[in-house]
Structures are given as structure tokens and as C-alpha cells.
Amino acid sequence: MISRIKHLWAHHRALLLVFTGVFCLAGFFAVKTLAAAVYWMDPAHQDQRLEPWMTPRYVSQSYRIPHDILGPILFHDPADPPRRRRLGDIALENDVSIQDLQARIDAAAAELRERRGD
């Protein structure tokens, strides 16, 4: 095995480096995907109570609400470019409480699950 690697290094160095880089990159994304799947499959991370540090993306994944439905609930204007905002900032900007956002998200999640048949 070592002799094959030495041969490849001596005669096909660029190809070996590209292959190794692609292999490492694929491994990175595989581990990242697996970690996300394990995290979101944990019931403790599903339908979490809202906290000011949460982002709309986190809420979308926790409640399984698509971004196009969640956007208007969180007062997102589709004309604005997406940016990373926290729920605490969204609540302050729109003069609502986190509990008000929680009620809006709970209602949307219940309606969406009813339509899906969950």
C-alpha cells in the first residue's frame, strides 16, 4: 500500500493531491450532514420554545416550517436581502414580544401540520 502511494506521489503528484483534497472535502460534508441530521432528529430540538438568540433558520428547522411561510410570520419583507437576524432583534424592531412570535409560529405550525396530515 505504501509503495503504491509512493509511486503515485512520484508519477502523479497533482492527481493524488486533487484526489486527496476532494476526498477530504467529501468527508467534511458527509460528517456535517450526519451531525445536522442527528441534531434535528433529537426530539429535544423539535418545537423548541423561542429564545431571543434563535435565528429564523433555526426556528424553520425546529418547527419544520418552510422559509416562505415563516418569513411573513417574522415580519420579513421579501424585497429585503436575507440577513442573519435574531428573534430578539426582530421582536424589538416590530414592537412585539417573543411570546407573541411564539403564538404566531405555533399557529402556523399547527395549520401546516394539519394540511400535511402530521
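Cut-offs used in this document
In this numbering scheme, every chain counts its residues from 1 along its sequence in written order. With the structure being a predicted model, the display of local features is reserved for residues of pLDDT at least 70 and the display and counting of side-chain atom pairs for 80 or more, all residues being used for whole-chain, interface and lining totals. The side-chain values count all of the structure's non-hydrogen atoms but skip hydrogen atoms and water molecules. Patch construction takes residues with relative accessible area above 30% that form no salt bridge. Like charges are linked within 9 Å, and nonpolar side chains (Val, Leu, Ile, Met, Phe, Trp, Tyr) are linked within 5 Å. With residues, only the protein chains shown are counted as cover, and all accessible areas are computed by Shrake-Rupley using a 1.4 Å probe. Any Lys or Arg side-chain nitrogen located within 4 Å of an Asp or Glu carboxyl oxygen qualifies as a salt bridge. For helices the rule is a DSSP run of H or I covering at least 4 residues; for strands it is a run of E covering at least 2, with both sets numbered from the N terminus onward. Lines fitted to C-alpha atoms define the axes, with helix axes restricted to the stretch in contact, and inter-axis angles between N-to-C directions lie between 0 and 180 degrees. Residues are treated as being in contact if the distance between any of their heavy atoms lies within 4.5 Å. Only Asp, Glu, Lys and Arg are considered charged, only Ala, Val, Leu, Ile, Met, Phe, Trp, Tyr, Cys and Pro nonpolar, and every remaining residue, Gly among them, polar. Pairs were defined over the aromatic rings of Phe, Tyr and Trp, the Trp ring being its six-membered one, requiring ring centres within 6.5 Å. Orientation was assigned from the angle between planes: stacked under 30 degrees, edge-to-face over 60, tilted for the rest. We call a residue buried when its accessible area falls under 20% of the maximum for its residue type, exposed when it is over 50%, and partly exposed in between, using a 1.4 Å probe and counting protein chains only. Only protein atoms enter the calculation, which uses a 1 Å grid: trapped sets of points that fit a 1.4 Å probe without letting it out are cavities, open sets showing protein on both sides within 12 Å along at least five of seven lines are pockets, and any residue with an atom within 4 Å of a point is a lining residue. Grid points are joined across faces, edges and corners, and a volume is the space filled by probe spheres set on the points.

Novice: Report on a nonpolar patch on the surface, specifying residues and quantitative values.
Specialist: A cluster of nonpolar residues, M1, I2 and I5, forms a patch on the protein surface that exposes about 360 Å² of accessible area. Assignment of secondary structure puts I2 in helix α1 (residues 2-11).

Novice: Mind laying out the packing of α1 against helix α2 (residues 13-41), listing which residues take part and the relevant values?
Specialist: Interhelical geometry of α1 versus α2 gives an angle of 115 degrees and a closest axis separation of 5 Å. Along the contact surface, α1 presents I5, L8, W9 and H11, while α2 presents R13, L16 and L17. Split by residue class, the contact of α1 with α2 holds five nonpolar, one polar and one charged.

Novice: Lay out the packing of aromatic side chains with the relevant residues and their values.
Specialist: Applying the stated criterion to the full structure yields five aromatic pairs. Aromatic pair W53 and Y58: ring centres 5.3 Å apart, planes at 65 degrees, arrangement edge-to-face. Take W53: its relative accessible area is 49%, and that puts it in the partly exposed class. Connected via pairs of aromatic rings, a cluster forms that spans Y39, W40, W53 and Y58.

Novice: Outline the environment of W53, supporting the account with residue identities and numerical values.
Specialist: As for its placement among the helices and strands, W53 is situated in the loop between α2 and α3 (56-63). On a C-alpha basis, the gap between W53 and D89 in space is 8.8 Å, while along the polypeptide they are 36 residues apart. When residues no more than four places from it in sequence are discounted, the contact partners of W53 are Y58 and R86.

Novice: Give a description of the layout of surface pockets that names residues and reports values.
Specialist: Its volume calculated, the second largest pocket comes out at about 160 Å³. In this structure, the second largest pocket is lined by K32, A35, A36, W40, R57 and Q61. When contributions to the lining of the second largest pocket are tallied by element, the ones reaching two or more residues are α2 and α3. Looking at the lining of the second largest pocket, the element that brings in the most residues is α2, giving four residues. When grouped by side-chain class, the residues that make up the lining of the second largest pocket number three nonpolar, one polar and two charged.

Novice: Give me the lowdown on the pattern of salt bridges, citing residues and values where you can.
Specialist: Tallied over the entire structure, the rule returns five salt bridges. Put simply, R85 and E93 hold a salt bridge, and the shortest N to O gap is 3.6 Å. The exposure class of R85 is buried, given its relative accessible area of 11%.

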